[in-house]
Amino acid sequence: MRVVIAEDQALLREGLRRLFEDAGHDVIAAIEDADRLRAAISGDEPDLAVIDVRMPPSFTDEGIRAARWILDAHPDVGVLVLSQHVESAGAVGLVSQGGFGYLLKDRVLDVAEFLEAAERVARGGSALDPQVVASLVGGERDAFGALTDREREVLSLMAEGLTNNAIARRLVLTDRTVEGHVRSVLMKLDLTANEDAHRRVLAVITYLRAANHPR
Amino acid sequence: MIGGMRAARVALWVVVFLTAGVMAGAVLLDALSSRSTEPVWLSFVFPLAVAMSTGVGVVVATRRRDNPIGWLLLANGFVLALNGLAANYATYGVLEHSGSLPEADWAVLFDQSGWPTLFAAFTAIAFVFPDGRLPSPRWRPIALAAITSFTVFLLLSFLRPGSFEKPFDAVSSPLPQLPEAIFFAPFTIGALGMLASLFAAALAVRTRLRRASGIERSQIKLLAYAAALIPAAVVAGWVEGLMGSGSDTATVIGLVLVVLAIPLAIGVAVLRYRLYEVDRLINRTLVYVALSALLAATYAAVSLSLGVALGAGSTLPTAAATLAVALAFGALRSRVQMLVDRRFSRARYEGLQRVERYLVELRAGRAAPEATGEVLAAALGDPSLELFFWVPESEEHVDSSGRPAQVAPDSHRDLTPVRRGSLRLGAVLHDSALSERRDLLESVIDAAGLAIEIARLRAEVARRLAEVEQSRARIVTAGYEERRRLERDLHDGAQQRLVSIGLALRHVQGQLPAPSREAGELDSAVAELTEAIEELRELARGVRPARLDDGLGAALGELASRSALQTRVEATGERFADSLETAAYFVASEALANAAKHAQASQVTVTAARQNGSLLVCVRDDGVGGTRPAEGTGLGGMTDRVAALGGSLSVDSPPGQGTVVTAELPCES
C-alpha cells in the first residue's frame, strides 16, 4: 500500500511513517501542510492519504477541506482523517462517499485495528471512529430498544465500517453467527440488506443520524 | 444648500443696491428742489431711517438666514426709500419744474396711494417676532387675512376714483379709476381689515410676551420698550405744539429716536447681541426719564401754586420749588433705584426661589438629583441649558446618567464651568445671552451647588456601575477565550505528544520478539497512555467542548448523547457570539448534571432559541423538583456568569413537578 501522510507535528509525522513502514507499506510522502498534500496527491496518486484535521495556516479544518478535495478530484485515493477529538459533523457526512475514514488520533496506538481500518479505506471501504458511532447510537435509546445487547454491538461495528468477517474476528464469533446478527439488525431497523460494505455503513449511519435528529 | 445660500446673498445685495439707488435719487431730487414742502429736518430723518432699517436688515439676514425678519427690515428700508422718491419726484416733476421729468403722474399716484406699504413690513415683523415664526399654527388664517386686506387696500388705493389731493389735484391718474359704486364697499372693508391687522400684530406680540420666558421674554420686552417710544414721541410732539413756541426740537428728537430705536431693537433682539445689557440700559433710561418727569412735575406744581398764591414777582416760589425738588430727589431717587434693582434682580430672585424650592423637594425625597439640569434651565429661563458633570479620572464630561457627553460650545451657546470650593463639578452649556448676566448665572449655579454635587456623584456611580458591568462581561468573555485556548493546547500539545510517545513505544515493541515480557510491559504502558489520552480529552471537553466551534446545536447534541439520561435537544441552527454560546452550553451542562445527580429524572428536554432579542436556553426535567438554586452547586456560579453577560438565570422547581432551568442571554446590544 502506497501512503501519503499529512501531519504538521514532526514527531507524530515520523511516528506514523514508521508505523506504516514497519507494517511493510510504502510511505511515498510525509508532509506538513495541505498545499503540499495536494501537490503530492496530484503528482503521484497513492492508495491512501492519512490527513490531520488541523494543519497550517489556520489550524481549523484544513484537513477536512483537503479530504473533500481528494474525494472529488481523486476518487481512487482512500482518505483517512485523523482528529484530536470528535469534531466537525461534516467529517461524518463524508463517509457516505466511500473510501473515507475518520478516526481519533490515539487509535493509532492499537496498531492492528488501525492498520486494518487504513487498509479498508484504501480499498474503498469506510472507517468511522467508535466514539463517533457511540455518540450516534447513544443519543436516542428508544430507537434501538428492539435490539439485543449483542445486536447493538454488531450495529456499532457495522457503523464503524467493519465487514462481517472483521466483526466476527473482533467479537470472536463465527462468520455465520455474525451474519445472523446483521440480518436481524437490518430487519429490526427495517433496512435492506446490502452486500457492499460501505453502502451498508451508509445506510446504518443515515439511520442513526435520523434517529438522533427526528426533524 | 450652498446654491441657495449664494442666491440669497446675491438677492440681499441686489436689494441693498436698489435701496441705495432709490434713496440717492430721492435725496438728489430733494436737494435740487427749491421750495421744499416739508421742514428741513425731515430730509435728514428719511435717509437715516432707510439706512438704519437696511443696515440692521443686512446684519440680521446674514446672521440669521432662516429668520425672515432680516428680509422684512430690508423690505421696509426699500419701501421707505421708494415712498420718499415718489414724494420728491412728484414735487419736483409736477409742482416745481412741470414737465421736466417723465412719468411724473406715476410718482404722484404712488405718493398718494402707496403709503400703506410703510406699515406692511413692521406689521409682518410683529407677527413673527422674534423667531421668524407665527406664535402658533392658529395664527395662520389671521396672518393670511392680514396679507389679503393689505393687498386689497393697496390695489384699490391705486384704482381710487376722484382727483388727487392738493396740490396734485391737476394731475390725472395713469391707471383707470373704478366707479364710486364698485369702489367704496371693498375699499372700506380693506381699510377695516388693515386696521384690524395692526391690532392683531400688537396682539401677537402680547400673546408671545405672556407665554414667553427667559430669553424670549427679554427679546419681546426690548421691542416693547422701543415701541413705547412711539407714543412718547407723539406726546412730546403734542406738548410742543400746545406750547406754541414754534420750535419742533422735541418732535424731531422723538422721531429720530423712533426711527433709529425700532430697527435697532429688532436687530438686537433677534441677534441676541448684548441682549441683557441693552435690556438694562433701556430699563434704566425709562426709570430715569420717569424720575425726571416726576421732579419736573413737582417743580412746576410747587412754583405754580405758590406763584398764584403769592403773586408774581416773588422769588419765593422758585426757591420753594427748588427746595421741594431737592427734598423729593433723595427720596424719589432711592425709591426709583429700588424699583430698578427689583426689576433687575427679578430674574435672579425668581431663579434663586426656584432652586430653593427644588432643594427642599430634594431633601424631602420628592425630587431626583438627576433633574438638576432641568431645574437650572427653568431657573435661568434658558430651555436649551444643559448640565454636564466632570469625571477627573477619565478627564471627560458625562451626562446625568453617566454617559460620556460631547460638550461643544458654539456661536449661540457658551460653557460656564461649575466649581464647588476647589472641586471641579462640571459645566453648564447655556445660551450666549446668559453670559452677559454673570451675576444671575453664577448666583443660581452657586445656590444649586449641593444638588449639582449630588447629581454628579450619582452620575459617577452610574458611570462606574456601567464600567464594572462592562468589565465583568469582558472578564467572563476573556475567561471563555482562555478556555478555548486551553482546550486547544491540551489537544494540540499534550495529547499529540502522548500519541507520539505511544507510537514510539509501538515501534520499539515491533523490534522485540513477539511473545516476550518486555513486549507485554510495553502493551500495558501503551494501554496506560491510551487511558491518559482519554482522560485528557475528557478534561479538555470540560474546559470547553470543541463541538462549540460547530455551534450551540452541535455542542448540545454531543452533550445529550453523553448524558446518562434520555435527553432531547431542540436547538436553533442560528449562531451567536461565542461567549453567549459558551455560557448557554455550560448552563445546559450544569442543569443536565444536576438533573442526573439529584432530580431522579428519566427524561430531559433541552431547548435553545432566539426569543425577543435574547438567546433563551431552557432545560426541563421530569424529576422530583424541589431544587433550590443556592443548593445547585454549579448553577450558583452559572447565575453570576449569565448575569455578567447581562442575562438572567431562573430555576423553577416546585416539589414533585420537575425542574425547569432557564437562562436568558441578551444577544442584541
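Predicted model, so just to flag it, every value in this text is computed and none were measured.

A. Inspection of the overall build of chain B at higher detail. A count of helices and strands for chain B gives 18 helices and 9 strands. A buried classification covers 36% of the 669 residues belonging to chain B. Sequence-distant contacts in chain B: of pairs separated by 6 or more residues, those separated by 24 or more amount to 69%.

B. Just the overall build of chain A, in detail. A count of helical and extended segments in chain A gives 10 helices and 6 strands. Expressed as a percentage of its 215 residues, the buried residues of chain A come to 47%. Contacts in chain A between residues far apart in sequence, at least 24 positions, make up 62% of those at least 6 positions apart.

C. Representation of the interface of chain B and chain A. Each partner contributes to the interface: chain B provides 28 residues, whereas chain A provides 23 residues. Among the secondary structure elements, those contributing two or more residues to the side of chain B that touches chain A are helix 14 (449-511), helix 15 (517-543) and helix 16 (552-562) of chain B. The dominant element in the side of chain B that touches chain A, judged by the number of residues it contributes, is helix 14 of chain B, at 12 residues. Split by residue class, the side of chain B that touches chain A holds 10 nonpolar, 10 polar and 8 charged.

D. Seen up close, helix 17 (residues 578-597) of chain B. Between the first and last C-alpha of helix 17 of chain B there are 28 Å, a value that for 20 residues agrees with the 28 Å anticipated at 1.5 Å per step. With 16 of 20 residues buried, helix 17 of chain B is to be regarded as a mostly interior element.

E. Representation of the sheet that holds strand 4 (residues 423-431) of chain B within the structure. All names here are of chain B. Strand order in the open sheet formed by 4 strands is 2-1-4-3, and the pairing between neighbours is antiparallel. Two strands in the sheet have a free side with no partner beyond their single neighbour: strand 2 (396-398) and strand 3 (413-420). Strand-to-strand, the axes of this sheet are offset by a mean angle of 35°, without reference to chain direction. Here 4 bridges tie strand 1 (residues 386-391) to strand 4, and the two strands are oriented antiparallel to one another. Pairing of F389 across the sheet is with G426, part of strand 4. Seen against the sheet, helix 14 touches strand 1, strand 2, strand 3 and strand 4 and runs at an angle of roughly 60° to strand 1.

F. Representation of the sheet that holds strand 7 (residues 614-621) of chain B in the model. All names here are of chain B. Across the sheet, which stays open at both edges, the 5 strands sit in the order 5-6-7-9-8 with mixed pairing between neighbours. Either end of the sheet is taken by a strand with one partner, and the two such strands are strand 5 (566-571) and strand 8 (648-652). For this sheet, the mean angle separating the axes of adjacent strands, direction not counted, is 10°. Strand direction decides the pairing type here: strand 8 and strand 9 (residues 660-666), joined by 5 bridges, are antiparallel. For S648, the partnering residue across the bridge sits in strand 9 and is E664. Together, strand 5 and strand 6 (603-611) form the strand contacts of helix 16, whose direction differs from that of strand 5 by roughly 175°. The strands touched by helix 17 are strand 5, strand 6, strand 7, strand 8 and strand 9; relative to strand 7, the strand with the most contacts, the crossing angle is about 10°.

G. Quick look at the pairing of strand 1 of chain B. Residues and elements named next belong to chain B. With 5 of 6 residues buried, strand 1 lies mostly within the body of the structure. Pairing of strand 1 with strand 2, which is carried by 3 bridges, proceeds in the antiparallel orientation. Across the sheet, the residue bridging to F389 is V398, located in strand 2. With antiparallel pairing between neighbouring strands as the criterion, strand 1 and strand 2 make up a hairpin whose turn holds 4 residues, including E395 at a positive phi of roughly 50°.

H. Layout of the packing of helix 3 (residues 69-96) of chain B against helix 4 (residues 104-113) of chain B. All names here are of chain B. One way to put it is that helix 3 packs onto helix 4 with a least axis distance of 8 Å and a crossing angle of 135°. In this view, helix 3 runs oblique relative to helix 4, as classed from their interaxial angle. In the packing of helix 3 onto helix 4, the handedness of the crossing is left-handed. For the pair formed by helix 3 and helix 4, the contact residues are A86, A87, Y89, A90, G93 and V94 on the first element and A104, A107, V108, F110 and D111 on the second.

I. Examining the environment of B:F46 more closely. Here B:F46 lies in helix 2 (residues 42-63). Separated by 34 residues in sequence, B:F46 and B:L80 have C-alpha atoms that sit 7.9 Å apart.

J. Spotlight on the nonpolar core. Counting residues in hydrophobic clusters, the biggest one holds 105 residues, and the most contacted among them are B:I125, B:I266, B:L376 and B:V444. Considering every element that reaches this core, the biggest residue donor is helix 3 of chain B, with 18 residues. Non-local contacts of B:I125, meaning those with residues more than four positions away in its chain, are made with B:I69, B:L72 and B:I266. Judged by nonpolar contacts, the second largest core, of 66 residues, contains A:Y102, A:V108, A:L109 and A:A117.

K. Spotlight on unusual backbone geometry. All names here are of chain B. In this structure, P130 follows F129 across a cis peptide bond, with omega equal to 0°. When you line up the elements, P130 lands in the loop between helix 5 (117-128) and helix 6 (140-158). Of note in this structure, E395 is not a glycine but carries a positive phi near 50°. Here E395 is to be found in the loop between strand 1 and strand 2. Take E395: there are 7 C-beta atoms within 10 Å of it, and that puts it in the exposed class. The backbone of N612 sits at a positive phi, close to 50°, despite the residue not being glycine. Along the chain, the position of N612 falls in the loop between strand 6 and strand 7.

L. Structural context of the environment of B:I454. Residue and element names in this part refer to chain B. Here I454 lies in helix 14. By the C-beta count within 10 Å, which is 16 here, I454 ends up partly exposed. Spatially, the C-alpha atom of I454 lies 9.8 Å from that of A368, the residues being 86 residues apart in sequence.

M. Local environment of the confidence of the model for chain B. All names here are of chain B. Confidence in the prediction for chain B averages 85 pLDDT; 93% of positions are at 70 or higher. Within chain B, helix 10 (residues 275-310) has the poorest average pLDDT of any element, 76, and strand 7 the best, 94. In the model output, the complex is listed with pTM 0.57 alongside ipTM 0.85.

Reading the values: the criteria
- Residues numbered from 1 in each chain as written.
- Chains lettered and ligands numbered in written order.
- Predicted model: local features only at pLDDT ≥ 70, side-chain atom pairs only at ≥ 80, totals over all residues.
- Helix = DSSP H or I, 4+ residues; strand = E, 2+ residues; numbered from the N terminus.
- Buried ≥ 20, exposed ≤ 12 C-beta atoms within 10 Å, placed from the backbone.
- Contact = placed C-beta atoms within 7 Å.
- Nonpolar A, V, L, I, M, F, W, Y, C, P; charged D, E, K, R; others polar.
- Expected span 1.5 Å × (residues − 1).
- Pairing = 2+ DSSP bridges.
- Axes fitted to C-alpha atoms, helices over the stretch in contact; angles between N-to-C directions.
- Parallel < 35°, antiparallel > 145°, perpendicular 65-115°, else oblique.
- Left-handed = near helix turned anticlockwise from the far one by under 90°.
- Core = buried A, V, L, I, M, F, W, Y, C linked by C-beta atoms within 7 Å.
- pLDDT = per-residue confidence, 0-100.

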